[in-house]
Amino acid sequence: MNRTPLVAGNWKMYKTIAEARQLVPELVRGLKEIQGVQKVICPPFTSLMSVKALLEGSGIHLGAQNLFWEKEGAYTGEVSPTMVAEVCEYVIIGHSERRIYFGETDETVNRKIKAALEVGLIPIFCVGETFDENEKGLTVSVVRRQVEAGLQGIELRQNGHGDVPLLVAYEPVWAIGTGKAASGEFANEVVREIIRPALASLFGEKIAGSIRVLYGGSVKASNAAEFFEQTEIDGALVGGASLKADEFIGIVCAAAVI
Ligand code: PEP
């Protein structure tokens, strides 16, 4: 199955507009020559418009880190799918930090994914088990439940290029921001044995085989190749290392040579 690699940077709650204005031109310069990999950056809401202007013509895509599922209304502090889609092509949904700190559940994640797809946004749907769940041998049940519940009631179709407008990011919570990445082999096994079969049971083998699945959790330029050489891993969702131009460029380079 030919799936175009994709590397997405999740800036989390980092970078003011002024800081983004320094980082983005470095990324644009460094990523210009790297072909065969889709590149996405997901800054905080406040710098989306400035970053969008700086990315014009660069081939680097823009994503948001969250949205609310309602179309509009009295929801102070929230941003609607249509508002996000005015500016971005991608949106991260169900990141473990949102599940842990902001009470997001499989049900709210599912509503957000549906709302994103309705307005043509491409969700980067995050799943992954915690350290305790991993220790207790619950990885299979947790990740399967997250995939099935998060994508319940959703219909997906391939576009003319065979692309499916959804990415799944396998992000073991114990590997996020800890410097302790999963091994490439372990991450590949989770995708092969849990995520793709769950996708196949929801959407059929063909669509499941076309959905790109990223790995996330302490990816950096020096360990990225270990993930990209795995058969089931189609790229990375990168947090901390996406805040440094040389690191992010190094990761995209690693995805390009596999
Ligand atoms: C993330 O925020 O999705 C992430 C994977 O973070 P980090 O790369 O810093 O572990």
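Residues numbered from 1 in each chain as written. Predicted model: local features only at pLDDT ≥ 70, side-chain atom pairs only at ≥ 80, totals over all residues. Heavy atoms only, no water.

Next up on the list: the site of the ligand. In the vicinity of the ligand, 14 residues are found, and the nearest of them are K12, E171, G177, S218 and G239. Contact between the ligand and K12: an oxygen atom at 2.7 Å from a side-chain N or O atom of the residue. Within the side chain of H95, an N or O atom sits 2.9 Å from an oxygen atom of the ligand. Protein coverage of the free-state accessible area of the ligand, which is 290 Å², stands at 96%. (Near = heavy atom within 4 Å. Polar contact = N/O pair within 3.5 Å; in protein donor to acceptor, adjacent residues only side chain to side chain. Areas by Shrake-Rupley, 256 points an atom, 1.4 Å probe, with all protein chains shown as cover.)

Here we come to the sheet that holds strand β7 (residues 212–216). Judged by pairing direction, the barrel is parallel, and its 8 strands sit side by side in the order β1-β2-β3-β4-β5-β6-β7-β8 before closing back on the first. Neighbour to neighbour, the strand axes of the sheet diverge by 25° on average, direction disregarded. In the packing of helix α2 (residues 48–55) onto the sheet, the strands contacted are β2 (38–42) and β3 (60–64), and the crossing angle to β3 comes to about 170°. Helix α11 (residues 245–257) rests against β1 (6–10), β2 and β8 (235–238) of the sheet, and its axis sits at about 160° to β1. (Pairing = 2+ DSSP bridges. Helix = DSSP H or I, 4+ residues; strand = E, 2+ residues; numbered from the N terminus. Axes fitted to C-alpha atoms, helices over the stretch in contact; angles between N-to-C directions. Contact = heavy atoms within 4.5 Å.)

Let's shift gears to helix α1 (residues 17–31). If you check α1, its first and last C-alpha atoms are 21 Å apart, about what 15 residues at 1.5 Å a residue would give, namely 21 Å. Those residues of α1 that sit buried are A20, L23, V24, L27 and L31. In this structure, the buried side of α1 is in contact with β2, α2, β3 and α11. (Expected span 1.5 Å × (residues − 1). Buried < 20%, exposed > 50% of the residue type's maximum accessible area, 1.4 Å probe, protein only.)

So, about the nonpolar core. Nonpolar side chains tend to gather and get buried jointly when the protein is soluble and globular. Within the largest apolar cluster, 70 residues are counted, with the highest numbers of intra-cluster contacts made by I41, I195 and L199. The element contributing the most residues to this core is helix α8 (residues 184–203), with 9 residues. If we ignore the near neighbours within four places in the chain, the residues touching L199 are V147, L151, V168, G204, A208, I211 and V213. Of all hydrophobic cores here, the second largest spans 12 residues; its members include C126, L167, A169 and L214. (Core = buried A, V, L, I, M, F, W, Y, C linked by side-chain atoms within 4.5 Å.)

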